[in-house]
Amino acid sequence: MKVMLVNGSPHKEANTNEALKIVEKALNNEGIDTEIFWIGSKPISGCVACFACIQNGKCIFDDAVNEFVEKAKDVDAFIFGTPVYYASMAGNFVSFMDRIFYSASLAGHNDYFAFKPVASVITARRAGTTSTYDQLNKYFGMNQMPIISTRYWNMIHSDGPNIENLYEDKEGVQLLEMMGKNMAYYLKCIEAGKKEGINPPEQEEITYTNFIRD
């Protein structure tokens, strides 16, 4: 079993990455393989709704998004981490998340994500964590991904670039460690279910509606 942890910060070795490493250590202690995927610091275009992914089988912008989606098909669970920028996810990460799920859906790769456990990690100096947590979790709810929780929202605080400050938020550290253990638990439950022949439900053709009335 393998979990992909996604670093949505433009800084590869800063607080978000360190927070993900706390979760990673807890997962590894439970016998779960891990990989941290950094989206990079280069500009990532937002989705332009060109629908080329339907024909191409991937997003027309060939960057970190396509690299990640290709890896996603062989991963059992995900943890997405982001810093808070103006009470929201980092700008590049918003574009990254939009294009991941839109292109995967239109290209017919829903199974890369559906029914795979997922969790979010939010890092900040002070405020904006809960709005960012809500923003990130909406992607998961739309893609049939079971959201792994703890006993509070998955957030941790630090007052600057010194990552050692992160560990002063003892409750935050404990929450991330708990998340790793909870994720491992659900992955093992899924694995046990498969051995007993318990599989995800068959997917029906989607019924699309709008709010226009004659």
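The structure this text deals with has already been given above.
Parameters at a glance
- Per chain, the residues get numbers from 1 upward, laid out in the order the sequence is written.
- Under the rules for a predicted model, residues below a pLDDT of 70 receive no local features and side-chain atom pairs below 80 are neither given nor counted, while totals for whole chains, interfaces and linings still include all residues.
- Hydrogens and waters are ignored; side-chain quantities use all the structure's heavy atoms.
- Note on classification: 1.4 Å probe, protein chains only; a residue is buried when its accessible area is under 20% of the maximum for its type, exposed when over 50%, partly exposed between these limits.
- Labels follow the DSSP assignment, with helices taken as runs of H or I lasting at least four residues and strands as runs of E lasting at least two, numbered in each case from the N terminus.
- What makes two residues a contact is simply this: any of their non-hydrogen atoms within 4.5 Å.
- A carboxyl oxygen of Asp or Glu within 4 Å of a side-chain nitrogen of Lys or Arg is what we treat as a salt bridge.
- Pairing between strands is defined by DSSP: at least two bridges between the two strands are required.
- When the strands point away from the viewer, a crossover counts as right-handed if the route from the first strand across the helix to the second turns clockwise.
- Under this definition, polar contacts are N or O atom pairs within 3.5 Å; protein pairs additionally need one hydrogen-donor-capable and one acceptor-capable atom, and for neighbouring residues in sequence, both atoms have to be side-chain atoms.
- In this analysis, the expected span of each helix is defined as 1.5 Å times one less than the number of residues it contains.
- We call a set of buried Ala, Val, Leu, Ile, Met, Phe, Trp, Tyr and Cys residues a nonpolar core when their side-chain atoms join them within 4.5 Å.

**A closer look at helix α3 (residues 64-72)**
Taken residue by residue, α3 has Ala64, Val65, Asn66, Phe68, Val69 and Ala72 as its buried positions. Those residues of α3 hidden inside the fold are in contact with β1 (2-7), β2 (33-38), β3 (77-83) and α4 (91-106).

**Some remarks on the pattern of salt bridges**
For the coordinates displayed, the defined rule picks out 8 salt bridges. Residue aspartate 134 pairs with lysine 138 through a salt bridge whose shortest N-O separation is 3.3 Å. Of this pair, aspartate 134 and lysine 138 both sit in helix α5 (residues 129-141), 4 residues apart, which is roughly one turn of the helix. With its nearest N and O atoms 3.6 Å apart, the salt bridge here joins glutamate 171 to arginine 151. Placement of glutamate 171 in helix α6 (residues 170-195) and of arginine 151 in the loop between α5 and β5 (155-157) is noted, with a sequence separation of 20 residues between them. With relative accessibility at 47%, the residue arginine 151 sits in the partly exposed group.

**Details of the pairing of β3**
In terms of burial, β3 is largely enclosed, as 7 of its 7 residues are buried. What you see with β3 is no split at all: Ala77, Ile79, Gly81 and Pro83 on one side and Phe78, Phe80 and Thr82 on the other are buried throughout. Pairing geometry for β1 and β3, over 5 bridges, is parallel. Residue pairing for β3: asparagine 7 is matched across the bridge by glycine 81. Here β3 runs beside strand β4 (residues 118-124); their pairing, made up of 6 bridges, is parallel. Note on β4: the bridge partner recorded for phenylalanine 78 is valine 118. Note on the crossover from β3 through α4 to β4: the handedness is right-handed.

**A look at the side chain of asparagine 17**
If you trace the backbone, asparagine 17 turns up in helix α1 (residues 15-29). Among the polar contacts listed, one links the side chain of asparagine 17 to the side chain of glutamate 13, at a separation of 3.3 Å.

**As for α6**
Residues spaced three or four apart along an α-helix point in a common direction, a consequence of the helix completing one turn every 3.6 residues. Taking 1.5 Å as the rise per residue, α6 with 26 residues should run 38 Å; its terminal C-alpha atoms sit 38 Å apart, in good agreement. Residues Gly172, Val173, Leu175, Leu176, Met179, Gly180, Met183, Ala184, Leu187 and Gly193 constitute the buried set of α6. The elements touched by buried residues of α6 are β1, α1, β3, β4 and β5. Trailing α6 by a residue or two, glycine 197 shows a phi angle of about 80°, which is positive.

**A word on the environment of methionine 4**
Among the structural elements, methionine 4 can be located in strand β1. Residue classification places methionine 4 among the buried residues on the basis of a relative accessible area of 1%. Those residues in contact with methionine 4 that lie beyond four places of it in its chain are Glu35, Phe37, Phe68, Lys71, Val75, Ala77, Phe78 and Ile79.

**Some thoughts on the nonpolar core**
One recurring pattern in soluble globular proteins is that nonpolar side chains are buried together. Grouped together as the largest cluster of nonpolar side chains are 33 residues, with contacts concentrated most on Phe68, Phe78, Phe80, Phe93, Phe96, Met97 and Phe113. Listed by contribution, the elements that provide at least two residues to this core are β1, α3, β3, α4, β4 and α5. The dominant element in this core, judged by the number of residues it contributes, is α4, at 6 residues. Leave out the neighbours within four places in its chain, and methionine 97 touches Phe80, Met89, Leu136, Tyr139 and Phe140. Listed in part, the 21 residues of the second largest apolar core include Ile22, Ile79, Met183 and Ala184.

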